[in-house]
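What follows is the residue order along each chain.
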Amino acid sequence: MGIADQFKDKAQELADQAKRQKAGGKRDEARERSSDRPGRASDQARDRRPGARDRAQDAADRTRERSER
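None of these values were measured; they are calculated from a predicted model.

All right, on to the overall build of the protein chain then. Per the secondary structure count, the protein chain includes two helices and zero strands. Within the span of the protein chain, comprising 69 residues, buried residues form 17% of the whole. Surface exposure of the protein chain reaches about 5,400 Å², of which carbon and sulfur atoms provide 45%.

On to the pattern of salt bridges. Within the structure shown, the criterion is met by two salt bridges. Of the charged contacts in the structure, one is a salt bridge between glutamate 13 and lysine 10, with a shortest N-O distance of 3.7 Å. Of this pair, glutamate 13 and lysine 10 are both found in helix H1 (residues 3-35), three residues apart, which corresponds to roughly one turn of the helix. A salt bridge links arginine 64 to aspartate 61; the nearest nitrogen and oxygen atoms lie 2.7 Å apart. Linking arginine 64 with aspartate 61, this pair stays in helix H2 (residues 40-68), spanning three residues, or about one helical turn. Look at arginine 64 and you get partly exposed, because its relative accessible area is 43%.

Attention shifts here to the side chain of threonine 63. Relative to the helices and strands, threonine 63 is located in helix H2. When residues no more than four places from it in sequence are discounted, the contact partners of threonine 63 are Ala4, Phe7, Lys8 and Ala11.

What follows concerns the environment of arginine 64. Sequence-wise, arginine 64 and alanine 4 are 60 residues apart; in three dimensions their C-alpha atoms are separated by 8.4 Å. A distance of 2.7 Å separates the side chain of arginine 64 from the side chain of aspartate 61, its partner in a polar contact.

Conventions used here
- Residues numbered from 1 in each chain as written.
- Predicted model: local features only at pLDDT ≥ 70, side-chain atom pairs only at ≥ 80, totals over all residues.
- Heavy atoms only, no water.
- Helix = DSSP H or I, 4+ residues; strand = E, 2+ residues; numbered from the N terminus.
- Buried < 20%, exposed > 50% of the residue type's maximum accessible area, 1.4 Å probe, protein only.
- Areas by Shrake-Rupley, 256 points an atom, 1.4 Å probe, with all protein chains shown as cover.
- Salt bridge = Lys/Arg side-chain N within 4 Å of Asp/Glu carboxyl O.
- Contact = heavy atoms within 4.5 Å.
- Polar contact = N/O pair within 3.5 Å; in protein donor to acceptor, adjacent residues only side chain to side chain.

Function cannot be read off these values alone, since they describe shape.
Encoded structure:
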């Protein structure tokens, strides 16, 4: 397995992890919404999501750049 393949695998792993966190965030959001004031959980979830998504996208971009070299 070459380095490019390893980066692709890692990028896919991070993307899958981000999807799981996003799905988990939705469950947490519903749980928090039922026990907290309305809107607060969705604000918190919205703040969390971009970070994971951005990290996954950055990893994919780095992988793409390295594979093009």
